[in-house]
Amino acid sequence: MLQLPPFRADDTTSLQILRAPRMELVKYLRLDDDERSLRRAPIHKEVFYLTEISRVVRDRCMSKCVFCERRVTATSGVDHFRPLRNARALDGTNFPDSYTWLAYDFDNLILTCDECKFNKSNFFPVEGRRADSSMRLNDVEELENRHLINPYNDNISTHLECLFDGWFEPKTYRGKATISILNLNREELIAEREVEARRFAIELMELFNSSSAYDRLENVIDYQKEFAGVRLNILKRILKGSGLTNKFQSINFPFALNRKALGEVSENEKRRVLQQIEDLPGDDSRRRRWDGAMSVSDTPRPRRGVSPWSRVERNGGLSNIEINNFKGISALKLEISPHVGTGAAPCLMLLGENSVGKTSVLQAIALALLGASEAKRLKLKSRDFLSGQTHGRWDQLTPPDPVTTLSFRFGVDAIYHYDAGQNEIIGEDQVRTIVLGYGPRRYFDPLGSKRTGKASARVVTLFNPKATIPHPGSWLSQLSSEEFAQVAQVIRAVLSLKNDDRIVRSSENLICIEFDGQPIPLERLSDGYKSVISMVVDIVRELLSRYPIIEEAEAIVLIDEIETHLHPRLKMRIMSALRDALPRVQFIATTHDPLCLHGMDDGEVVVLQRMADGAIRKLENLPSVKGMRADQLLTSDYFGLSSTTDPATELSMARYVQAVSSSPEGLSLEADRLISHLTMGNDSQERVIREAMGRFIAERERPVERLRPEISGEAVDAVLNALRNM
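Quick caveat: nothing in here was measured; it's all calculated off a predicted structure.

Attention shifts here to the overall build of the protein chain. A tally of helices and strands in the protein chain yields 23 helices and 26 strands. Scored against the burial criterion, the 726 residues of the protein chain give a buried share of 51%. The contacts of the protein chain with a sequence gap of at least 6 include a subset with a gap of at least 24, amounting to 69%. As displayed, the protein chain has an accessible area near 34,300 Å², and 49% of this comes from carbon and sulfur atoms.

Structure, rendered in C-alpha cells:
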C-alpha cells in the first residue's frame, strides 16, 4: 500500500457535476425516519463513471488499487472508502445509514481492483462511536476509531510491513483488520510482491555500488508503477536497519526521500546498507509471523425457516458459460463482461428465433448451479435434454454426454455432467450460489404460500410450465418492520412508483399498493403488476434467507421471456430497474421484445442463430445496442427482420426466396433477370444500393452457412466496391 497525495485545487472544478445529485441526497436525508425507511437513498452511481470524476480519482490513486497496488482496468470504476450504506462490522452487524451522506465527498472516493472491491464489500469496522449524518468527513475521521487503513490519511508503514518474500505482516490492529478484510495475503499477491522485492534489492545494490554523485534513491521508486509501496516499505526497513533513516527520509509529504546525492554517503554507510540488503531475506524468513486469525463474519445465518442457501459463498457471479451436447446445443461458449456504468453485476440477455436454444441455456445453467443431488430432485427425463443424432432419422441411441461448465469471477467452477451411458448425473453435490429460475408463466398460487427447503424447488418453473410461485402475501405479512421496509424499497424501485405511491400493510394484514392515495390489494392488481411483484418478492424472499441486507445479496436469477404480461413502458425499464434494485444479483434472461434491451450494455446481449446444418451459434460483431429505437433493433442483426411495416411483404419475400432458390438454374436466372428490369432508382448510386440491399435481405431470409453479421458486412463491402468502380 502507498500513502496518497491530497486532491489538487484545480481538481475541485469537477465538484460542479456533483452539486445536483448532492442536493437530491440532502432532501432524502431530511425526510422523517419512517418515510426514509421505505425508500432507497437517491445515489446516482453512474456519476462515478463520468470521465470528469473518474479522471480526478485515477490521477490521485495513480491508476492503481489503493489496497493491493495492482493496475486498475477502465471497467473497475470508482469505489468508496466508507461504504454508501449498510456499513458492516467484523461480526456482521449492519448500520443501515452509514455512510450515505458521504457518497459524493471526494476524500471518500478511492480506486480499487475488482477483487479488493469484492473482498471489502461493505465492511467498515469501527471501535466505539460511529459518526452520524450531521458530520463532515474531516469530523468523521477525527471521531471514529476505524479499523481500515485510510490510504489518504494513514502512514502505511506504521500499520504493516512488507517482508522480503511478499508477506504483509501487521504491526497494529488496524493493519490486521485491513489485511484480513481485503485478503491482502492471497497467494498470487504474495508471489507478485516477492518478485518486486527481489527486483528492487538488485536495483538498490547497483545504486549503492554506483560512483555517480547524481544517482538518487528516487530513481528506484516510481510511484506510478505497481507495487511502489512495496519498494518504499522495504526501503524504509533497510534504511532503519542501517541507521540512515534520518539522512534520507523527508518529513514532507508525499513520502519523498530527501534529495541527498548518494555521493554524500560515506563508504562505511554504503557497506551497512549493502549488508542490510543481503541480511533482510534471511532475517524475514526466520521471523515469527501473524497467524492471520481474525473473525470476519461474511456468512450470516438464515433468518427464519429452512433455507438451502446457508452454505453458499460469494463468488462475484458468472464470467463464462460453456455448454456442450445439451438438447439442441452441440457447443456454445458465452462470456459475460463486467458491467460498465453503475458497478452493478454484469447481466446477459439472450435473443433468437424460436427453437434456437435460449431456454436450453437457462436450464443448463440452472442444473450446473444446483449440483448433482439437487438436479436429480427435478426428476427430468433424459430424453428431454440429451441431444439427438440424425442419420436419415432422429434418434438418441448413442448420445454424447451433456456437459455444462460455469466459471465464476471468484471461486471454483460449477460443472454439470450427465453420463448418457449410465443414465446418471456426475459431479459435486454442492450448491454453488443462490440460483432462482422463472419460466414464462410466472403465476402465484392464491392458496399456496409455503416453499420446500430444497434448492431445486427454486427453479422448477423453468422446467415445468404448470408449476407456480408461492403466494407472496402471507410471507410479507409476517415480516418485521425492517424487513418489510427492505422489500418495499425493492418493489418501489422495480415498479418505478411515484413519490406519493406507497407499499403498505393494511389493518386487515393485506398487502396493498397505494396509487394516488387509493390502496389496492395485491390480488386485485393487473396481471403485469402481479407477475412482476410475485417474482420480485420471491427473489427477495430467498435473498433475505441468506443476506440480512438486500443490496449486498448475491444470486443468479434466470428469467425466460422476461417481457411476459408487461406494458411497453415497464418493458423499457424492467432490466435497468431490476439492476438498480438488486445491484449484486446477476440476471440472465431471454426475450423476443426489443424494448427489454434498454438497460443492457454492449456485449450483454447475445443473439443465437441456427445454421443450415442445425448447429446453434452465437452471432459476433453485433452493432452497439445503445441508443437504438425499437424499430431499428428489429431490423438490425439483433432480430433480423427485413421490415417492420408490412408483414405481408415479409411473407411474400420469403416465398419468393424459397421459390427461386428451389427452381431449376435456368428459371432462377430468368427470375433474377425479370426482377432486375423492375429495379427502381433515380440514379446509378441508388440502383447499386437497392440491388445490394435486395441480395442482402434474400440471403438473410434463408438458412445459410454464414451468420447475419457476415452477410451484412459482405453487403456493405459490395456496395462500396460497386460505387468505387462506377
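Moving on to the confidence of the model for the protein chain. Counting all residues, the mean pLDDT for the protein chain is 82, and 80% of those residues have values of 70 or more. Overall, residues 251-256 carries pLDDT values under 50, and its contacts beyond four positions in sequence, including any with other chains, amount to 12 contacts.

End to end, helix α18 (residues 568-581) covers 20 Å across 14 residues, agreeing with the expected 20 Å (1.5 Å per residue, within 8%). At Ile574, α18 shows its largest bend, some 50°. For α18, the complete set of buried residues consists of Leu570, Lys571, Ile574, Met575, Ala577, Leu578, Arg579 and Ala581. Those residues of α18 that are buried are in contact with β11 (348-351), α16 (481-495), α17 (527-544), β23 (555-559) and β24 (585-590).

Right, let's get into the sheet that holds strand β17 (residues 435-438). Within the open sheet, the six strands sit side by side as β17-β23-β24-β11-β25-β26. Their pairing is mixed. What marks the edges here is a single partner per strand, and that holds for β17 and β26 (616-618). Averaged over all neighbouring strand pairs, the angle between strand axes comes to 20°, with direction disregarded. On top of the sheet, helix α12 (residues 358-370) reaches β11, β17, β23, β24 and β25 (605-610); it is set at about 150° to β23, its chief contact.

One open sheet accounts for three strands, arranged β20-β21-β22; its pairing is antiparallel. In the strand order of this sheet, the two ends are held by β20 (502-505) and β22 (518-521), each with one partner. Each neighbouring strand pair of the sheet contributes to a mean axis angle of 35°, computed without reference to strand direction. Contacting β20 and β21 (511-515), α16 runs over the sheet at an angle of about 145° to β20.

Turning our eyes to something else, we now look at helix α1 (residues 15-29). If you check α1, its first and last C-alpha atoms are 20 Å apart, about what 15 residues at 1.5 Å a residue would give, namely 21 Å. The axis of α1 is deflected most strongly, by about 30°, at Pro21. Taken as a whole, α1 has its buried residues at Leu18, Pro21, Leu25 and Tyr28. Each element contacted by the buried residues of α1 is listed here: α2 (33-37) and α3 (51-61).

Bringing the packing of helix α9 (residues 228-241) against helix α11 (residues 267-285) into the picture now. Two numbers describe how α9 lies on α11: the axes approach to 9 Å, and their chain directions differ by 115°. For the crossing formed where α9 meets α11, the hand is right-handed. Of the residues in α11, those in contact with Ile234, Arg237, Ile238 and Gly241 of α9 are Val273, Gln276, Ile277, Leu280 and Asp284. Residue classes in the contact of α9 with α11 are distributed as five nonpolar, two polar and two charged.

Two elements, β21 and β22, share four bridges in a ladder whose sense is antiparallel. Looking at β22, one finds that Phe515 is bridged to Gln518. In textbook terms, the turn of a hairpin is the stretch between consecutive antiparallel strands, and for β21 and β22 this stretch comprises two residues, one of which, Asp516, has a positive phi near 55°.

Ranked by size, the top nonpolar core spans 110 residues in total, and within it Leu318, Ile321, Phe587 and Ile588 carry the most contacts. Those residues in contact with Phe587, other than ones at most four positions away along the chain, are Cys347, Leu348, Ile539, Val557, Ile559, Met575, Leu578 and Leu582. Membership of the second largest hydrophobic core comes to 82 residues, among which are Ile156, Phe168, Ile277 and Leu280.

We now examine the packing of aromatic side chains. Across all of its chains, the model carries six aromatic pairs by this definition. Both rings, one in Phe81 and one in Phe124, keep their centres 5.3 Å apart while their planes meet at 90°; by these two values the pair is edge-to-face. Here Phe81 is found in the loop between β1 (78-80) and β2 (87-88), whereas its partner Phe124 is found in the loop between α4 (114-120) and β5 (126-127), with 43 residues between them in sequence. Taken together, the aromatic side chains of Phe81, Tyr99, Trp101 and Phe124 make up a single cluster linked through ring pairs. One residue, Arg60, lies across the ring of Tyr152, its end atom 3.4 Å from the ring centre. Arg314 extends its terminal NZ or CZ atom over the ring of Phe118, reaching a point 4.2 Å from the ring centre.

Conventions adopted
- Residues numbered from 1 in each chain as written.
- Predicted model: local features only at pLDDT ≥ 70, side-chain atom pairs only at ≥ 80, totals over all residues.
- Heavy atoms only, no water.
- Helix = DSSP H or I, 4+ residues; strand = E, 2+ residues; numbered from the N terminus.
- Buried < 20%, exposed > 50% of the residue type's maximum accessible area, 1.4 Å probe, protein only.
- Contact = heavy atoms within 4.5 Å.
- Areas by Shrake-Rupley, 256 points an atom, 1.4 Å probe, with all protein chains shown as cover.
- pLDDT = per-residue confidence, 0-100.
- Expected span 1.5 Å × (residues − 1).
- Bend = angle between axes of the 7 residues up to and from the residue.
- Pairing = 2+ DSSP bridges.
- Axes fitted to C-alpha atoms, helices over the stretch in contact; angles between N-to-C directions.
- Left-handed = near helix turned anticlockwise from the far one by under 90°.
- Nonpolar A, V, L, I, M, F, W, Y, C, P; charged D, E, K, R; others polar.
- Core = buried A, V, L, I, M, F, W, Y, C linked by side-chain atoms within 4.5 Å.
- Phe/Tyr/Trp six-rings, centres within 6.5 Å; stacked < 30°, edge-to-face > 60°.
- Lys NZ or Arg CZ within 6 Å of the ring centre and 35° of its normal.

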